[in-house]
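# Per-entry structural report
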Amino acid sequence: MDSVFAFEKPVLELLLRGTLAYLAIVFVLRVIPKRHLSNLSPNDFIALVIIGGLTTDAIGGGSSSMLDYLLMAVVVIVWSYLIDLFEFRFPGWRRLTRDSPTLVVHMGKPVRANMRRERLTAEELAASLRAQGVDDVATVKQAILEVDGQLSVIRFENGESPEGRPGGDAGG
């Protein structure tokens, strides 16, 4: 019973395990396309649950001590806080740890290269636009896939259209 309230693993090992596991997950989330962060499919959800379990095992290394688990939780919380602090204080750091918004519709036309990069299909774009009351992409001045996976939509103003813009044409 005493071992439950004592460190079972060396403190330095727990700190290193927690740090490496947390930073690895941050890196993995950085390379996942943005749309996956907002709209979890059942497969994404299952993957996250499994990753959570594997990460716990990786950090804990088979430990059963309450103090070990408390220290691991503190390590994760401290890293989360430090990364947020660094992102706030150092914009260059933020560019490393966070993605930037991606333009997916410009002047009524989908930006296919950006959609491909974000693994966003035409059907998913149409569904996101419909969720915001847009039934025709041609009425959208800009649609931006935000870093949290949400779609921001800016419609053309009254009388404004892609054909009326300087250098624009009515053809596709």
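Relevant structure appears above.
My aim in this report is to walk through the structure given alongside it, one point at a time. (Residues numbered from 1 in each chain as written. Predicted model: local features only at pLDDT ≥ 70, side-chain atom pairs only at ≥ 80, totals over all residues. Heavy atoms only, no water.)

## Let's talk about the environment of Val 140
- By the element assignment, Val 140 lies in strand E3 (residues 140–145).
- Sequence spacing of Val 140 and Glu 157 is 17 residues, and the spatial spacing of their C-alpha atoms is 9.5 Å.
- Non-local contacts of Val 140, meaning those with residues more than four positions away in its chain, are made with Val 105, Met 107, Gly 108, Leu 129, Val 134, Val 153, Ile 154, Arg 155 and Phe 156. (Helix = DSSP H or I, 4+ residues; strand = E, 2+ residues; numbered from the N terminus. Contact = heavy atoms within 4.5 Å.)

## Structural notes on the pattern of salt bridges
- Under the counting rule described, the total for this entry stands at two salt bridges.
- A salt bridge links Arg 17 to Glu 13; the shortest N-O distance between them is 2.9 Å. One end of the pair is Arg 17 and the other is Glu 13, both in helix H1 (residues 11–31) and four residues apart, which spans about a single turn.
- Take Arg 17: its relative accessible area is 28%, and that puts it in the partly exposed class. (Salt bridge = Lys/Arg side-chain N within 4 Å of Asp/Glu carboxyl O. Buried < 20%, exposed > 50% of the residue type's maximum accessible area, 1.4 Å probe, protein only.)

## Some words on helix H4 (residues 66–89)
- For H4, built from 24 residues, the straight-helix expectation of 34 Å at 1.5 Å per residue is met to within 8% by its first-to-last C-alpha distance of 34 Å.
- Within the span of H4, buried status applies to Asp 68, Leu 71, Met 72, Val 75, Ile 83 and Glu 87. (Expected span 1.5 Å × (residues − 1).)

## Considerations on the packing of aromatic side chains
- Within the structure shown, the criterion is met by one aromatic pair.
- Pairing Phe 86 with Phe 90 gives two aromatic rings, centres 5.6 Å apart and planes at 50 degrees, and the pair type is tilted.
- What makes Phe 86 partly exposed here is its relative accessible area of 37%. (Phe/Tyr/Trp six-rings, centres within 6.5 Å; stacked < 30°, edge-to-face > 60°.)

## Structural notes on a nonpolar patch on the surface
- The grouping of Phe 5, Phe 7, Val 11, Leu 12, Leu 15, Leu 16, Met 66, Leu 67 and Leu 70 at the surface amounts to a nonpolar patch, some 820 Å² of accessible area in total.
- When contributions to the nonpolar patch are tallied by element, the ones reaching two or more residues are H1 and H4.
- Checked against the element boundaries, Leu 15 lands in helix H1.
- Given the relative accessible area of 34%, Leu 15 is considered partly exposed. (Patch = residues over 30% accessible without salt bridge, like charges linked within 9 Å, V, L, I, M, F, W, Y side chains within 5 Å. Areas by Shrake-Rupley, 256 points an atom, 1.4 Å probe, with all protein chains shown as cover.)

Any functional reading would require information that these geometric values do not contain.
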